[in-house]
Each structure stands twice: as C-alpha cells, then as structure tokens.
Amino acid sequence: MKKLAILGATGSIGSSTLAVYAENIETMSLTLLSAWRNVDKMVDLCREHHVSYAFMSCPDANAKLQQLLEQDATQVLVDQTEFEACIASVEVDAVMAAIVGAAGLAPTLAAVNAGKQVFLANKEALVMSGALFMDAAQRSGAQVLPVDSEHNAIFQCLPPECQASIGHCDLKKSGISQLILTGSGGPFLTTPISEFKHLTPAQAVKHPNWSMGPKISVDSATMMNKGLEYIEAKRLFNTEKSDIQVLIHPQSVIHSMVQYIDGSVLAQMGLPDMRTPIAHVMQFPQRIQSGVAPLDFTQISQLTFAAPDFDRYPCLKLAIDACYAGQGATTLLNAANEVAVEAFLQQKIRFDQIASIAAEVLSKCGDQHATSIEQVMFLDGLARHTALTLVATNVRQA
Ligand code: NAD
Ligand code: MG
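Note that the structure is a prediction, hence the values are computed from the model and not measured. (Residues numbered from 1 in each chain as written. Chains lettered and ligands numbered in written order. Predicted model: local features only at pLDDT ≥ 70, side-chain atom pairs only at ≥ 80, totals over all residues. Heavy atoms only, no water.)

A. Region of the structure containing the overall build of the chain. Counting secondary structure elements, the chain contains 16 helices and 11 strands. For the chain, whose C-alpha radius of gyration is 20 Å, the value lies close to the compact-globule estimate of 21 Å for 398 residues. Here the chain holds 398 residues, and 55% of them are scored as buried. Intrachain contacts of the chain at a sequence separation of at least 6 include 68% that bridge at least 24 residues. (Helix = DSSP H or I, 4+ residues; strand = E, 2+ residues; numbered from the N terminus. Rg over C-alpha atoms; globule rule 2.2 N^0.38 Å. Buried < 20%, exposed > 50% of the residue type's maximum accessible area, 1.4 Å probe, protein only. Contact = heavy atoms within 4.5 Å.)

B. Representation of the sheet that holds strand S6 (residues 117–120) within the structure. In space, the 7 strands of this open sheet follow the order S4-S3-S2-S1-S5-S6-S7, with parallel pairing throughout. This sheet does not close on itself; its edge strands, each paired only once, are strand S4 (75–76) and strand S7 (143–146). Sheet topology places strand S2 (residues 28–35) next to strand S3 (residues 53–56); 4 bridges connect them, and they run parallel. Note that in S3 the partner of Ala35 across the bridge is Met56. In this fold helix H3 (residues 59–68) packs onto S3 and S4, with an angle of close to 145° to the strand it touches most, S3. (Pairing = 2+ DSSP bridges. Axes fitted to C-alpha atoms, helices over the stretch in contact; angles between N-to-C directions.)

C. View of the packing of helix H7 (residues 149–157) against helix H11 (residues 224–237). In contact at an axis separation of 10 Å, H7 and H11 are set at 35° when each is read in the N-to-C sense. Crossing of H7 over H11 shows right-handed handedness. Contact with H7, carried on its side by Glu150, His151, Ile154 and Phe155, involves Lys226, Glu229, Glu232, Ala233, Leu236 and Phe237 of H11 and no other residues of that element. Across the contact of H7 with H11, the residue classes tally to 5 nonpolar, 1 polar and 4 charged. (Left-handed = near helix turned anticlockwise from the far one by under 90°. Nonpolar A, V, L, I, M, F, W, Y, C, P; charged D, E, K, R; others polar.)

D. Seen up close, the packing of helix H4 (residues 80–88) against helix H5 (residues 105–113). The N-to-C vectors of H4 and H5 enclose an angle of 35°; their axes lie 8 Å apart at closest approach. As for the relative orientation of H4 and H5, their crossing is right-handed in sense. Along its contact with H4, which presents Gln80, Phe83, Glu84, Ile87 and Ala88, the element H5 presents Ala106, Pro107, Ala110 and Ala111. Residue composition of the contact of H4 with H5, grouped by class: 7 nonpolar, 1 polar and 1 charged.

E. Just the sheet that holds strand S9 (residues 244–248), in detail. Taken in spatial order, the 4 strands make up an open sheet running S9-S8-S10-S11, and their pairing is mixed. A single partner strand is all that each edge strand has here, and the edge strands are S9 and strand S11 (265–269). Averaged over all adjacent pairs, the angle separating strand axes in this sheet is 20°, with direction ignored. As paired elements, strand S8 (residues 176–183) and S9 share 5 bridges and run parallel to each other. Each bridged residue has a counterpart across the sheet, and for Thr182 the counterpart in S9 is Leu247. Of the strands in this sheet, S8, strand S10 (254–260) and S11 touch H7, which is tilted by about 40° from S10.

F. Fine view of the packing of aromatic side chains. Inspection of the entire model under this criterion finds 7 aromatic pairs. Ring geometry for Phe55 against Phe83: centres 4.7 Å apart, planes inclined by 25°, an arrangement best described as stacked. Here Phe55 is found in strand S3, whereas its partner Phe83 is found in helix H4, with 28 residues between them in sequence. Centre to centre, the rings of Tyr230 and Tyr324 are 6.0 Å apart; their planes meet at 85°, and the pair counts as edge-to-face. Placement of Tyr230 in helix H11 and of Tyr324 in helix H13 (residues 314–325) is noted, with a sequence separation of 94 residues between them. By relative accessible area, which is 28% here, Tyr324 ends up partly exposed. One aromatic cluster is present, formed by Phe188, Phe196, Phe344 and Phe351 through successive ring pairs. (Phe/Tyr/Trp six-rings, centres within 6.5 Å; stacked < 30°, edge-to-face > 60°.)

G. Spotlight on the pairing of S2. When you tally the buried positions in S2, you get 7 out of 8 residues, the bulk of the element. Relative to S2, strand S1 (residues 2–7) runs parallel, the two being bridged by 6 bridges. Bridged to Ala5 within S2 is Leu32. Handedness of the crossover joining S1 and S2 through helix H1 (residues 12–23): right-handed. What joins S2 to S3 is helix H2 (residues 39–49), and the crossover it makes is right-handed. (Right-handed = clockwise from strand over helix to strand, strands pointing away.)

So this is what it looks like as structure tokens:
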C-alpha cells in the first residue's frame, strides 16, 4: 500500500487525484490532506476517505477544522512545522504537490528533502527555486515525477535513462534533438489584440479545452503558463536554449512531443483530462486506471499547429528571456505574475497589465542571484512588494 499525501486537496488537481485514488483504492491509502481554507470540503474529504492527518494553511480555518473533527479519527496538525514534519515522516511515501503558487514551495521541499516520491503539479515551486529544487532531490534520492500534462507527455516519450535522471539527464547523449512543448493558445488565440484591454476575469478563466483553477486559467490566457512550463522543462529535462520549441496546438490532443536525431517524433496523446498524467505517475512505471475515456480518433477532425506570436503573448517572451537570465529572474517573474494575476482576478488591473507589471518588476529589481532558498524567499518578497506597489499606483490612477 502506497501511503499518499495530497497537498492542495480541495483544488482542481486535488480533486482529480482523489478521483484516480478512488479508482485504485486497493493499492493506496490516504494519509494526509492539506488545503488553504475550504473547511467544509476538507471535513467531507477526511470523513469520506478516513484520512489520518489533515492541515489547513489558513490558521482560522485550521482551528475550525480541529473543532469539527474533534470526535473523528483524523488528527488535525497544529501548525506548518507539524505539517512539514508529517510530510517528511514514515507515514508518507508519496506526495501530490498540488498547492497553487509559491505557497507550495516549503511543503514540497519538505517532501523532496525527505526523499519522498514527489508528483509535481505545483510548477511555481520549481520555477521559483529551480536548480536548488532538483539538486535537493538528487541529494535525498527523491523521485520527482512530472504531473503537468506537457512535462508528463515529454517524460513518457523519453528513454528510460532520461526518466531515471530527471533534473540531470543528458538529452544529446540519448539522441534527442528537441522537446516540443505544445499549448492551446488559451481562450484569446483569435481575439483581436486591440480588445485585450477590455477582457474580463470571467472570459479569461474560460479555457476552451481544460478545466482548471483560476490562477492557471489566467496564466493559460496570457500564455505565462507556457512560459512557466518552459522554465519547468529546463529544470526537469536539463535543456539548453536550442532544445525546446513552443508550438501552438489549439485542439490539445497532443500534450507534447520529443524529437530524435533520426527524425522520429514521439507524441503523447489523450483527452485533455489531468486524471491521465496523474494516473501515469501514481504507480509509475505500472499503468493504472484513470477513469478517463479513450481518445476517439474518428471524432478528431483536425490537428493544427502554429508558432506563438509574442505580440499576442508578451508573457511567454518574458518567461523565456527570464529562463536564460538566471534563477533570480525566474523567481522574480513568478512572484510578480502571482500578484498581477490575483489583482486582475480582483479587477484591480486590466488583462494586458499582467505582462506590463511583470516586465516592470523584472526591470526594477534588476539582475539578482538566488543560490539559496533564503535568497529565493527574499527575491519572492521583493518582487511581490514591487508588484503590489505597481498595482496600487494603477488603482489610484484608474
Ligand atoms: P486550484 O486553485 O484549483 O487549487 C489550489 C489548491 O491549493 C487548493 O486546494 C487550495 O486550497 C490550495 N491553496 C491555495 N492557496 C494556498 C496557500 N496559500 N497555502 C496552502 N494551500 C493553498 O489550483 P489547481 O488548478 O488545482 O492547480 C494546482 C497546481 O497545479 C498549480 O501549481 C497549477 O499550476 C498546477 N497545475 C494545474 C493543472 C490543472 O489542470 N488544474 C494542470 C497542470 C498544473
Ligand atoms: Mg500544463
């Protein structure tokens, strides 16, 4: 029995993970669930799945959870320290890292440092800490398996020697010429750029193919998501600049590809449903049921591809540039984007200002180095503060 922890259990990935777990209940047990503040949902999940431990990162919510579960078998962990200790303990074999944003870094790193199997959905944790994250995994022996559909697709198309050395693999030695990272282009693929000023949060979170949480949905609309994934791919697959190509593929049937030097291209395909990559990692290398319907090729009328337009998607360009500017830049970009996306969702800034705020934070904060987690956290705070000031200035001017 694999003892599983789900961080971000009440979210979109958390729910898909619970659905895959329910399909495979005889091979896994649920030890720990965490979330931010949806207490009612957490109580239901703990009771339904007889979970041993639970934790809510919002202190008020955690206190309420403790009250509500007083008579239950689930033990509510008292604080972040106890939460991270539980992740690192013998009670947990594998951790689904599905908290959204930088808040996921500390608990995910706790799992990495303790040598756990880590199912990585929380791309922001890797983007903000990069090589520090992958080096920690190498030191502890933690197996990091990518859940993000593109990275999971690439992982599935890689030869075993690369799969066994995530973070430090040698693509050239394995005859790989390029990783092709596909993206749908989001809901505004054909919207005139002149209308971007007027786009609303409701329009931005309406992704044509995938059902996801609000932050990643907005990131998909700006294609910052593909930019973060570009950085994620560099870290997971140890790429150089010429090794990755971003390709728009609006149908989201192909989830990404690997091209080899002999001209072969391997693609992973499926319905756009996160239960597939989740099921792929949960008992890797064994295949398990995901509950996802098979792909019906007779229903697919066309597969189309195009190069991304950086005028339409300035966030994608910002992220690719940050990727080569170094770790400090990706930490700053991630934090600035989180603040800007939240401000857009709260209707404090316009859609097109997400990119301009991220760009301004990068230029205001300048060249920065991050060679320790402490420096990463410092830069994360600096970028948040700078971005919040820009948001406030904007609100005053509006
Ligand atoms: P979501 O918003 O639906 O869920 C986020 C989860 O994190 C919730 O359980 C929430 O309670 C928790 N959370 C939020 N803020 C927190 C905080 N400050 N402290 C602790 N917990 C907090 O998001 P999602 O769509 O499930 O995405 C989760 C992660 O997976 C993100 O990093 C996203 O980029 C990545 N991802 C998601 C998808 C998808 O299809 N949804 C695909 C690929 C990658
Ligand atoms: Mg993705």
